[in-house]
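Next come the chains, spelled out residue by residue.
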Amino acid sequence: MKLIPIYKWNKSRVEFNRKSGRITRQPWFQGVLLLCCVLLAMLLANLPATRHLYHAVLNLNIQFHFFNDSHNLDVLFPRDMTVEKFINDILMTVFFFTVGLEIRREISSGELSSVRKALMPVVAALGGVVMPALIFSAVNYGTQATTGWGIPTATDIAFAVCILTVLGDKVPVSMKVFLTALAIADDLIAILVVAIFYGGSVNFVLLSIALALAAAALLIRRAGEKRMFPYIVIALMVWVLFYYSGVHATMSGVVMAFLIPSEPLYNKEEFYKLRAHYMQKMDSLADIDEEKFPNGPQKHCLRRLHRISMGSMDMSYQLEHALSPWVNYLIMPLFALANAGVTIPSPESFNIFAHTVAGHPEYGLVGLGIFLGLVLGKPLGITLFSFVAVKVKAAEMPKGASWPMFFAVACLGGIGFTMSIFVDTLSFGDIADAQAVATMRDAGKIAVLLASATAAVLGSVLVNLFAACTRNAREPLRH
């Protein structure tokens, strides 16, 4: 065996880390990672060797005990908390918190920062919610499945951005910005849908206490408090109150995201003044050769400079920047692993166009409603509502985009993976038959996956087709 010198091995390792880090920062990476987790979850849930272990891990009860069984955190950590509920109720709260931070940033200084900027994506997002909901309700009219109307109303921004990145310059930049803004507005509407329609029976006393604590967070923010600890304590208390109030616990993350301070600890003048002071102090210590760099006083200056630089960025930005890698590369993959693992008893399960729950028509055609809602309802709703807004001159068409290209990009709005599956896990709770509910939710997940894949392929094909037609029309006629 040929031995590799250690310095060469270290050099190759550094090069690998550099290249792998570059790959993980690509816009398409998160979508590919989620797709891999979906495939892995499907395999784990259906292979005979792993099927029982997969479900056993998800149903494993999580408890924290101190000293003995009589000392545990029943309030902060409920006894019925399983691995699956931990992912969906606690980790997804962090996801919704980062979504809330992103929405707030876009409202304050991004694509939703003015009425003129926000109107087009908000109107389009509204159409992309109303039309799929109507189609699902029409397909399942008169059945117990109508409560699942919210499943096909969401757009998954990670997969949509992944597809847009792969398509490259075939899509106008203005349309990429539009779809991203639409997905953010769509997330905001989806959050409202979950909060209003998919909670349990509401305990208004606990909810009032939670809102009072949120108001207290707003007051201390107005008072100028910029330290993170008070907001973390209030956020934990609000989560507990939301959990027991009947409003889905993940909504506490959105509430707290809008209360986090968006003003930095140091303004521009303070930053430059403090930086100049400690840099001058560092320069005065530069001639000391007695100790290795940095010595004690220099370390103190560097710590202060680090604190000043961090304090010049607002807490909202710091939290979003710190949590995004955990959300993108841990929480979302875990959510996919826990929720996309649908057991497929037979190939007939993929026949979502005629599949009913155990042959009972009263449970409706869940799969068909979701598929048509995402694949047809999303692009039709987005395009029609936008077309009306442009014709009445309430909004402007994205620059450089034609209506055929607009419709092609709107098809990508039918990729509804994350939020659609999340709403699916909350749907049909009013049906007494637990087995029927589980079957309906599994059928919903299969339909979401098939519809998202169809929307991605359809949108990509149409974008390539219309881009080629536009390119050919612009080329001069050859004699």
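For the structure itself, consult the block above.
As the structure is a prediction and not an experimental result, all values here were calculated from the model.

(A) The arrangement of the overall build of the protein chain in detail. The secondary structure content of the protein chain amounts to 17 helices and 2 strands. Out of the 479 residues in the protein chain, the part that is buried amounts to 44%. Contacts spanning at least 24 positions in sequence make up 78% of the contacts within the protein chain whose residues lie at least 6 apart. Summing over all exposed atoms, the protein chain offers an accessible surface of approximately 25400 Å²; the carbon and sulfur share of this is 67%.

(B) Structural view of the nonpolar core. In this structure, Phe 95, Phe 96, Phe 178, Ile 370 and Phe 428 are the most contacted members of the largest nonpolar core, which totals 116 residues. It is helix H17 (residues 434-474) that provides the largest number of residues to this core, a total of 12 residues. When sequence neighbours within four positions are dropped, the list of residues in contact with Phe 428 reads Gln 144, Ala 145, Thr 147, Gly 148, Ile 151, Val 366, Val 437, Met 440 and Arg 441. Grouped together as the second largest cluster of nonpolar side chains are 7 residues, Tyr 266, Tyr 278, Leu 285 and Leu 305 included.

(C) Representation of unusual backbone geometry within the structure. For Lys 393, which is not glycine, the phi dihedral falls at a positive 60°. Its location among the elements puts Lys 393 in the loop between helix H14 (366-391) and helix H15 (403-411). The exposure class of Lys 393 is exposed, given its relative accessible area of 75%.

(D) Up close: the packing of aromatic side chains. Inspection of the entire model under this criterion finds 10 aromatic pairs. Ring geometry for Phe 95 against Phe 96: centres 5.3 Å apart, planes inclined by 75°, an arrangement best described as edge-to-face. Overall, Phe 95 belongs to the buried group, its relative accessible area being 11%. Taken together, a centroid distance of 6.4 Å and an interplanar angle of 45° make the contact between Phe 335 and Phe 422 tilted. Taken together, the positions of Phe 335 in helix H13 (residues 315-339) and Phe 422 in helix H16 (residues 417-426) put the pair 87 residues apart, joining distant regions of the chain. Accessibility expressed as a relative area gives 0% for Phe 335, which makes it buried.

(E) Examining the layout of surface pockets more closely. Approximately 970 Å³ is the volume found for the largest pocket. Secondary-structure elements contributing two or more residues to the lining of the largest pocket are helix H3 (51-58), helix H4 (83-109), H13, H16 and H17. Looking at which element gives the most residues to the lining of the largest pocket, the answer is H17, with 5 residues. Counted by class, the lining of the largest pocket contains 13 nonpolar, 15 polar and 8 charged residues.

(F) Inspection of the environment of Ala 443 at higher detail. Its location among the elements puts Ala 443 in helix H17. Separated by 75 residues in sequence, Ala 443 and Leu 368 have C-alpha atoms that sit 9.5 Å apart.

(G) Structural context of the packing of H4 against H16. Where H4 contacts H16, the two axes come as close as 13 Å, and the packing angle between them is 145°. For the pair H4 and H16, the sense of crossing is left-handed. For the pair H4 and H16, contact is made by Asn 88, Met 92, Phe 95 and Phe 96 and by Thr 418, Met 419 and Phe 422, respectively. Of the residues in the contact of H4 with H16, the class split is 5 nonpolar, 2 polar and no charged.

About the criteria used
Residues numbered from 1 in each chain as written. Predicted model: local features only at pLDDT ≥ 70, side-chain atom pairs only at ≥ 80, totals over all residues. Heavy atoms only, no water. Helix = DSSP H or I, 4+ residues; strand = E, 2+ residues; numbered from the N terminus. Buried < 20%, exposed > 50% of the residue type's maximum accessible area, 1.4 Å probe, protein only. Contact = heavy atoms within 4.5 Å. Areas by Shrake-Rupley, 256 points an atom, 1.4 Å probe, with all protein chains shown as cover. Core = buried A, V, L, I, M, F, W, Y, C linked by side-chain atoms within 4.5 Å. Phe/Tyr/Trp six-rings, centres within 6.5 Å; stacked < 30°, edge-to-face > 60°. 1 Å grid on protein atoms, 1.4 Å probe; cavity = no way out; pocket = protein on both sides within 12 Å on 5 of 7 lines; lining within 4 Å. Points joined across faces, edges and corners; volume = space filled by probe spheres on them. Nonpolar A, V, L, I, M, F, W, Y, C, P; charged D, E, K, R; others polar. Axes fitted to C-alpha atoms, helices over the stretch in contact; angles between N-to-C directions. Left-handed = near helix turned anticlockwise from the far one by under 90°.

That is the geometry; function is a separate question.
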